[in-house]
Amino acid sequence: MKVLNIGSMNLDHVYNVDHIVQPGETQATDGMNIFLGGKGMNQSIALAKAGADVYHGGMIGKDGQAFLQACDEYGVNSKYIKKVEGKTGHAIIQIDKSAQNCILLYGGTNEKLTEEYVDSVIADFDEGDILLLQNEVNLIPYIVDKAYEKGMQIALNPSPFNERLDAVDMSKISYFLMNEVEGGQITGLTEPDDIIAKVVELYPNAKIVLTLGGDGAIYADKDVRYHQPIFKVEAVDTTAAGDTFTGYFLAGIIDGMEIPDILKMSAKASSIAVTREGAVPSIPYRKEVMEALG
Ligand code: RIB
């Protein structure tokens with residue numbers, strides 16, 4: 001089973017700050033780095049490092065060559081990544097003293113997908129393959145429809161959640177992978193139990209993963225529900241923790257693992273990622289995750 005991830009590639013400009021800057025405030029930063037990121041690329045690299053056969057699709061500009069090198073280095077198939085005119089997407093990220101972040105996005109070439117491009121990529125995949133999507137590229141409703149016609153299983157990480165997702169036929173989604181904020185935005189509810197109950201009611205054939213920050217993560221479908229606590233660590237940068245969880249979760253599904261084992265592996269992988277700076281460079285290999293689990 002192959003995974004096609006049509007998703008963002010962002011050059012993350014990461015600033016270490018005392019606190020997230022307030023309106024009207026000017027604040028000197030304690031340091032700055034540029035890392036490879038983008039929810040799409042982070043999740044592809046997590047899948048590959050977890051051992052899955054993953055193809056990344058999306059657009060970069062001339063300044064995005066490093067993404068192709070990263071794909072080669074980490075084992076992501078990059079044959080569907082296209083170079084187009086314009087600037088590669090980027091993010092401005094503040095990391096505060098408690099390792100929390102806030103992110104400003106510039107879509108750039110991530111927003112340049114065309115229907116012809118989507119059709120040509122999806123044509124190479126088969127019924128049962130997984131399509132993974134986030135919400136940092138254009139044409140999400142179109143991509144969902146085309147993959148569904150093809151019989152692919154669609155995994156959606158509705159992040160960042162915005163009105164662009166209103167046009168998505170959510171009944172076509174097989175896996176929802178989201179945090180409690182996004183779950184709240186999809187359902188209009190706030191309590192994790194209520195969010196899960198609503199999503200199960202609306203989409204009874206879907207499987208749901210709801211990450212809850214310090215409270216861990218919940219997996220649910222219409223038959224079962226499991227809770228996975230976090231592994232407590234000293235975090236330095238929480239960027240890509242959710243992306244790491246998503247990639248590892250899907251890799252576990254592909255491997256046919258039991259859900260509680262998948263949740264444990266994904267939580268451990270995320271807990272390692274937050275102890276390191278950056279998005280892509282922070283994601284651990286499966287060997288390291290399994291050794292840490294003992
Ligand atoms: O999920 C983290 C990612 O969100 C960052 O790498 C940034 O690029 C944004 O897409």
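To keep things clear, this report deals only with the structure shown in the data block.

So, on to the pattern of salt bridges. Any two side chains of opposite charge can pair, given that their charged atoms come close. Per the stated rule, a full pass over the model turns up twelve salt bridges. We note a salt bridge from R164 to E111, for which the minimum N-O separation is 2.7 Å. On the criterion of sequence distance, the pair formed by R164 in the loop between strand 9 (153–156) and strand 10 (175–179) and E111 in the loop between strand 7 (101–106) and helix 3 (115–122) is long-range, its members being 53 residues apart. Residue classification places E111 among the partly exposed residues on the basis of a relative accessible area of 32%. Between K172 and D169 there is a salt bridge, with its nearest N and O atoms 4.0 Å apart. Through salt bridges with shared partners, a single network forms among D145, D169 and K172.

A separate point is the packing of aromatic side chains. Tallied over the full model, the rule gives seven aromatic pairs. Residues Y55 and F125 carry aromatic rings whose centres are separated by 5.4 Å and whose planes lie at 85 degrees to one another, so their mutual orientation is edge-to-face. Highlighted residues: Y55 in strand 4 (residues 54–60) and F125 in the loop between helix 3 and strand 8 (130–133), separated in sequence by 70 residues. Among the aromatic side chains, those forming a connected cluster through ring pairs are Y175, Y219, Y226 and F249. Over the aromatic face of Y285 sits the side chain of K49, whose NZ or CZ is 4.8 Å from the ring centroid.

Criteria and cut-off values
Residues numbered from 1 in each chain as written. Predicted model: local features only at pLDDT ≥ 70, side-chain atom pairs only at ≥ 80, totals over all residues. Heavy atoms only, no water. Salt bridge = Lys/Arg side-chain N within 4 Å of Asp/Glu carboxyl O. Helix = DSSP H or I, 4+ residues; strand = E, 2+ residues; numbered from the N terminus. Buried < 20%, exposed > 50% of the residue type's maximum accessible area, 1.4 Å probe, protein only. Phe/Tyr/Trp six-rings, centres within 6.5 Å; stacked < 30°, edge-to-face > 60°. Lys NZ or Arg CZ within 6 Å of the ring centre and 35° of its normal.

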